[in-house]
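Spelled out, the chains give:
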Amino acid sequence: MGTVTVSGRSVPVGCGLSMFDPIYLGRDEFGRPVYVRLVYKNLLSGGEPGSGKSTLINAICCHAVLCTDVRLVLFDGKWVELGQYEDVADKFVGPDLAAAIITLKRLQTVVDNRYAWLRAHGRRKIERSDGLKVTVAVVDELAYFSATVGSKQEQEEFSTLLRDIVARGRACGVIVVAATQRPSGVDIIPASLRDIFGYRHAGRCTTADSSDLVLGRGWASQGFDASTIAPEQSGVGYLLAEGGVPVLMKTPWMTDGQIEAVVDYAAWTRRTHTIPDPAEVSDIAPTLVAA
Ligand SMILES: Nc1ncnc2c1ncn2[C@@H]1O[C@H](COP(=O)(O)OP(=O)(O)OP(=O)(O)O)[C@@H](O)[C@H]1O
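Definitions and limits used
Residues numbered from 1 in each chain as written. Predicted model: local features only at pLDDT ≥ 70, side-chain atom pairs only at ≥ 80, totals over all residues. Helix = DSSP H or I, 4+ residues; strand = E, 2+ residues; numbered from the N terminus. Buried ≥ 20, exposed ≤ 12 C-beta atoms within 10 Å, placed from the backbone. Contact = placed C-beta atoms within 7 Å. Pairing = 2+ DSSP bridges. Expected span 1.5 Å × (residues − 1). Axes fitted to C-alpha atoms, helices over the stretch in contact; angles between N-to-C directions. UniProt positions renumbered as here; feature names shortened; annotations may be inferred. Near = placed C-beta within 6 Å. Nonpolar A, V, L, I, M, F, W, Y, C, P; charged D, E, K, R; others polar.

In the annotation of an unreviewed UniProt entry, the protein is listed under the name FtsK domain-containing protein and assigned to Actinocatenispora rupis.

Counting secondary structure elements, the protein contains 7 helices and 12 strands. Dimensions of the protein, computed from C-alpha atoms along their principal axes, come out at roughly 70 × 45 × 40 Å. Within the span of the protein, comprising 291 residues, buried residues form 41% of the whole. Summarising the internal contacts of the protein: among those between residues at least 6 apart in sequence, 66% fall at separations of at least 24.

Looking now at the pairing of strand β10 (residues 199-203). Burial analysis of β10 places 4 of its 5 residues in the buried class, the great majority of the element. Where strand β5 (residues 43-46) and β10 come together, 4 bridges link them in parallel fashion. Note that in β10 the partner of Gly-46 across the bridge is Ala-202. Both β10 and strand β11 (residues 236-241) contribute to a ladder of 5 bridges, which runs antiparallel. When the sheet's bridge partners are listed, Gly-203 is paired in β11 with Gly-237.

The next subject is helix α1 (residues 53-65). In this model α1 runs 18 Å from its N-terminal to its C-terminal C-alpha over 13 residues, within 8% of the 18 Å that 1.5 Å per residue would give. Of all 13 residues making up α1, 13 are buried, and the element is well covered by its neighbours.

Take the pairing of strand β6 (residues 70-76) next. The buried fraction of β6 amounts to 6 of the 7 residues, a majority that puts the element mostly inside the structure. One ladder, built from 7 bridges, connects β6 with strand β8 (residues 134-140); its direction is parallel. Across the sheet, the residue bridging to Val-73 is Ala-137, located in β8. Relative to strand β7 (residues 91-93), β6 is paired through 3 bridges, and the arrangement is parallel. What sits directly across from Phe-75, in β7, is Val-93.

Time to look at the sheet that holds strand β3 (residues 23-28). An order of β4-β3-β12-β11-β10-β5-β9-β8-β6-β7 is seen for the 10 strands of this open sheet, with the pairing classed as mixed. The two strands at the open ends of the sheet, each matched to only one other strand, are β4 (33-36) and β7. For this sheet the average axis-to-axis angle between neighbouring strands, irrespective of direction, equals 25°. Across the face of the sheet, helix α2 (residues 97-120) comes into contact with β6, β7, β8 and β9 (174-180) while running at roughly 145° to β7.

Bringing the UniProt feature "binding site: ATP" (unreviewed entry) in the protein into the picture now. UniProt's entry tags Gly-47, Glu-48, Pro-49, Gly-50, Ser-51, Gly-52, Lys-53 and Ser-54 with the feature "binding site: ATP" (unreviewed entry), counted in the numbering of this structure. Relative to the elements of secondary structure, Pro-49 occurs in the loop between β5 and α1. Assessed through the 10 C-beta atoms surrounding it within 10 Å, Pro-49 is described here as exposed. Turning to its location among the elements, Lys-53 is positioned in helix α1. Look at Lys-53 and you get buried, because 27 C-beta atoms sit within 10 Å. When near neighbours in sequence (up to four residues on either side) are disregarded, Lys-53 contacts Ser-45, Gly-47, Ala-179 and Gly-203.

Taken together, 16 residues surround the ligand, and among them Lys-53, Ser-54, Ser-234, Gly-235 and Trp-253 come closest. Looking at the shell around the ligand, the element that brings in the most residues is α1, giving 3 residues. Within the shell around the ligand, the residues separate by chemical class into 3 nonpolar, 11 polar and 2 charged.

What follows is the structure, encoded as structure tokens:
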């Protein structure tokens, strides 16, 4: 946690969260808190409109913006789902597939450079103590970029780039959080992409097959079926961690005002200069602070 000195007193600023810290995502059906460590994983959320995907993404984004070691890259086909985080994001891509492809190529270069660094240091993955920033790329809604706009070739290019970043980014601090309303095996979440997300979250789905498309084949028949979630249970979903069993949980709801307050605070903690000591501020001339 950083501090500034105001009137001779040391005032703590920033909550000093890290992307290496566990992220609070809600409570399970027994009331126990659910935490995930996203840094070496990725997260895919699927479910019908209104099932609570944005709520889950907000929980992750609010943690991410309060971290001192995060760079946010946002892809938002609707402008408004992630729009509240634009001021604290390194890059915000709206409904523009060409811009999304260029941005993914830049992320791919970051991944390549990080692997060169890991190789040079004889390492397999980055650690918190390396002091490197974790890039969190959030895609809402995946289908907009992979199946709705642009030519088939552009959609495939987007999906191929995203798959590469999901597959290789996790070890080097580039992680993807993606959401889709339309779990469909053919174009939006092919199994080859779905299976490399370390965390998969299924909000209410229309059919057991759609639930399986998010969580993986066979879970519905074992009783983990997101189509059994009642329509009025927004925010409830099954969360599956790589190698585990799906957990039924509910994500906490945050109002737009609460998100705005978090982002506002995050923007303040991320400013590039510190507040000068009032005793050093001249009454007759502006005080210039090094950026
Ligand atoms: N945890 C929750 N508690 C209470 N209400 C919730 C919760 N999560 C979601 N809701 C309600 O459900 C609505 C839809 O949630 P949300 O926007 O997260 O769904 P979504 O799956 O992202 O929808 P879309 O696909 O249309 O973007 C919210 O506006 C809110 O009213």
